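# Structural overview for review
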Number of protein chains: 2
Amino acid sequence: MTQPPMNQNVTLAEIAEVAGVSPATVSRVLNGDERVAEHRVESVNRAVRELGYSPSRAARSLATGKTGLIATIIDSNLEVFTDPFWGIVTTAISRTLQKSNLQALLMATPLNKADNMLAASLNSQQVDGAIFFQLHDDGFVAELFKQGLPCVVVGTPKSSKSIPYVDVDNATGARMATEYLITRGAKNVATITGDLAISAGRLRYEGYEAAIAALGQAVDKNLVVNGNFSHESGIEAMEELLDSGVPFDAVFVANDLMALGAMSVLNERDIKVPEQVAVVGFDDMFAAQLGRQKLTTVRQDIEGLGSAAASMIAEMVEGRRPASRMLQTELIQRDTA
Amino acid sequence: MTQPPMNQNVTLAEIAEVAGVSPATVSRVLNGDERVAEHRVESVNRAVRELGYSPSRAARSLATGKTGLIATIIDSNLEVFTDPFWGIVTTAISRTLQKSNLQALLMATPLNKADNMLAASLNSQQVDGAIFFQLHDDGFVAELFKQGLPCVVVGTPKSSKSIPYVDVDNATGARMATEYLITRGAKNVATITGDLAISAGRLRYEGYEAAIAALGQAVDKNLVVNGNFSHESGIEAMEELLDSGVPFDAVFVANDLMALGAMSVLNERDIKVPEQVAVVGFDDMFAAQLGRQKLTTVRQDIEGLGSAAASMIAEMVEGRRPASRMLQTELIQRDTA
DNA sequence: CTGAAAGCGCTAACAT
DNA sequence: ATGTTAGCGCTTTCAG
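Residues numbered from 1 in each chain as written. Chains lettered and ligands numbered in written order. Predicted model: local features only at pLDDT ≥ 70, side-chain atom pairs only at ≥ 80, totals over all residues. Heavy atoms only, no water.

### So, the packing of helix α5 (residues 85–99) of chain B against helix α12 (residues 302–317) of chain B
Packed helix pairs are characterised by how far apart their axes lie and by the angle those axes make with each other. Residues and elements named next belong to chain B. The contact between α5 and α12 brings their axes to 7 Å, and the two run at 40 degrees. Between α5 and α12, the angle falls in the class oblique. Here α5 and α12 pass one another in a crossing that is right-handed. Contacts from F85, I88, V89, A92, I93, R95, T96 and L97 in α5 reach I302, E303, L305, G306, S307, A310, S311 and I313 in α12. (Axes fitted to C-alpha atoms, helices over the stretch in contact; angles between N-to-C directions. Helix = DSSP H or I, 4+ residues; strand = E, 2+ residues; numbered from the N terminus. Parallel < 35°, antiparallel > 145°, perpendicular 65-115°, else oblique. Left-handed = near helix turned anticlockwise from the far one by under 90°. Contact = heavy atoms within 4.5 Å.)

### Observations concerning the protein's contact with DNA strand C
Neighbouring DNA strand C are 24 residues, the closest being T25(A), R28(A), A37(A), L12(B) and Y53(B). When the atoms of DNA strand C within 4 Å of the protein are grouped by moiety, sugar and phosphate amount to 69% of the total. Between a sugar or linking oxygen of DNA strand C and a side-chain N or O atom of R40(A), the distance comes to 3.0 Å. Taking S27(B), its side chain carries an N or O atom lying 2.8 Å from a phosphate oxygen of DNA strand C. At the level of secondary structure, the elements contributing two or more residues to the surface near DNA strand C comprise α2 (23–30) and α4 (57–64) of chain A together with α2 (23–30) and α4 (57–64) of chain B. (Near = heavy atom within 4 Å. Polar contact = N/O pair within 3.5 Å; in protein donor to acceptor, adjacent residues only side chain to side chain.)

### Regarding α12(B)
All names here are of chain B. Counted at 1.5 Å a residue, the expected span for α12 with its 16 residues is 22 Å, and the 23 Å between its end C-alpha atoms agrees. For α12, the tally of buried residues reaches twelve of 16 residues, placing the bulk of the element in the interior. In the segment just after α12, G319 is the residue with positive phi, at about 95 degrees. (Expected span 1.5 Å × (residues − 1). Buried < 20%, exposed > 50% of the residue type's maximum accessible area, 1.4 Å probe, protein only.)

### What to know about the protein's contact with DNA strand D
Among the 24 residues in the neighbourhood of DNA strand D, the closest are listed as L12(A), Y53(A), R28(B), A37(B) and R40(B). Looking at DNA strand D alone, sugar and phosphate atoms form 67% of those within 4 Å of the protein. Interatomic distance of 3.3 Å between a backbone N/O atom of A59(A) and a base nitrogen of DNA strand D. Only α2 and α4 of chain A together with α2 and α4 of chain B provide two or more residues apiece to the surface near DNA strand D.

Set out below in C-alpha cells:
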C-alpha cells in the first residue's frame, strides 16, 4: 500500500519518454481523446501512475486559456459572520465545483464598483467565472457580466435580474408558514417583518400578505410591525405588538433570530407558546433548536444554494446559459406552533 | 470617472511596444525592480493603465514556479457547519493572504491519507502552501509537510507537533474561567468536559485541573463529568451531576453548546443561576448571547486564528519557518457567573 | 491514429 | 540600466 511518489517535477514529456510515445499522445490520453490505440493508452496510464505525475495547472492554463478557477466573492461588509450560512454555502460550492474539475477561489473583500483590484483579479485571465453573495449593489457584477465573465449571484439581485441567480423561495416559504398558522386555528396572525429594503425581507412580507389575501381579507396594519432581522429588533417588535393591545394568537416572524427575541418577551410576560400565541420563524438556524422550546420554522436549503450556484457557473463555463433558480423551503414543525 | 477598459487580452509584449521598451523592462517595472530609469517606469505604468493590462497568472506561474495559491482545506467530515467558526476563519484567511499577494483556494473534501485526488492537487505544482483545519488524523499533513509543502494547521495537531500550528490557548482559558469562579466565591467547582480525545477537550480539562491544583487541592472526581461537546451531552452531564448528589456551586463547561444544555436543566429544576450554581462556558458562540440569561464564557479570537494561519503560511512561502502560535482568550462576564 | 513543431505570456539569466 | 534569448509544461494545428 505505498503511496505513489508524488514527484514534484514529473512533466508530460517524461511520461512520453517512459511510455515510448510523443508528448502529443500523452496529452490526448490525459484529455480523454478517443482515437488513441488501446495499448498506448495503457502504457501512458501506467507511466502516469508509476511516476506519480499530475499535470501543471499553470502550463495547461497558459495553453488553453482556461484557469479552472471560480472566484467566490463575499462582500465583507456583510454581517454574515454571526451565521453559519456562509460556511455551509461555500463548502457546498467547493464540493460541487470539484465535479466539474473547477476550484473555488475565496475572496473576502469590500465590494464596490470602484474596486479595481478586484476587477483585475476577475479579469478573465485569472478566473473562469465568479459567484457573488447577495450584494448591496449589483452594478459591479452587472458590468463584469456584460463583459462576458460568467457570473452567478446567490440571493436575489437588487436590480439586474438578467444575471443568473439562485435564491430560496422566500415568498412561498412565508406564505406556507402563515397558512400553517391559519389552518392550525389562528384567527389573527401578526407578523414581524425583516428589513424591507432587503429582498428577503420584502419577499417574506409579501408571502405573509398573500396568505392573508387568500382568505379574502386585507392585511390589518396593526398586526404588522417592522424589524430589521436582528435579535434585538425581534424583542422590540414583540413588545410593541403586545403593548399596542391588538389581539393576536399567532405570529409569523421573518427570521429565527427575531423569533427567538420575540419568544423571550413572550416568556417574560408569561404568555404561553403556542397555546396563547403560536410562533413560526424562518431560516432554521442552529439556535432554533436550542432553547427549552424548539422553534417551528421554515427551513431553507442552504447547502442547495451553494451547489446550485456551483452547477450553474459550471454550465456557464461550458458556454450554456442556465436559468435562475428558486429553491423550495420546508416547514419544520417543532414546539412553538 | 470611466473605468479602464479591462481588456482581456493585453499582453506584456504589447505594453512593451506601446511604452517603447523591451518586455524585460516591463517585467522589471511590474515586479518593482529598482534599477529602471524613472522615465521608463512612468511610461510603462502609463501604458499599463491605458490598456487596462493585468498580468496572466498562468504565464507568471509557469515562469516562476510559484502559483500564488494557498489551499485552505476543510475535512468535510467535521461538523463545523453548525458553527459560524469556519466562515469567520476562512474569511480572515482570505483577507490576510491578500496582503502577501496570495489567494485562498477552498477545498472541502473528506480527508484521509489514501486520498490521492487531494494529494495530486496539493502537489507543489498547484499550490504554494496549505492551511488545514483541526484534523482527526494529521498523518497526511505530516507527509505533505515532509515533502516540503508549506503547511499550517489551525488547531493543535494530534501527533506531529513539528508542523506549525495556531490554536487558542485552551488550557489558560479554562484555567482563567475556573479561577474566576473560585474568586467569585465558589467552594466546589464542577466541570463538564468536552471530548477528551480532542485536544481542545483535553486541554480545557487540564486548565480546570490546574486551577484546582493551584489551590493546593486535588480534583474531586465526583465533580467532573464527561461530555462530548454536544448540546445533548451537556444536558445529560448536568442531570448526572445533579442526580449524583455531590454538592457544587459552580460549573465550568468546556463549550457553550453544552453550557446551554446544562443551563436548560438547571432552569427546569428551578436552580438559580448564578446564585445557586454559577456557570461559565467556552467559545463565546453566538447563541451564548441569545437566551434570557446571557452566558459568561471564554471568548476565542476566531478571526485571529485565521489571520495568524495566513501570515504564517505567507512567511513559509517566503522560506522562513515561523513558530507555532497560541492565541490568548478573554473572559466575557455576562449573566451566569 | 500519431508525431513534429509552434506557441500560450511571462521571467530570468546572460549579454551589453 | 536595458535588451536578447531561452525556456516554464502543456495543447493544438498540421502533416503524415
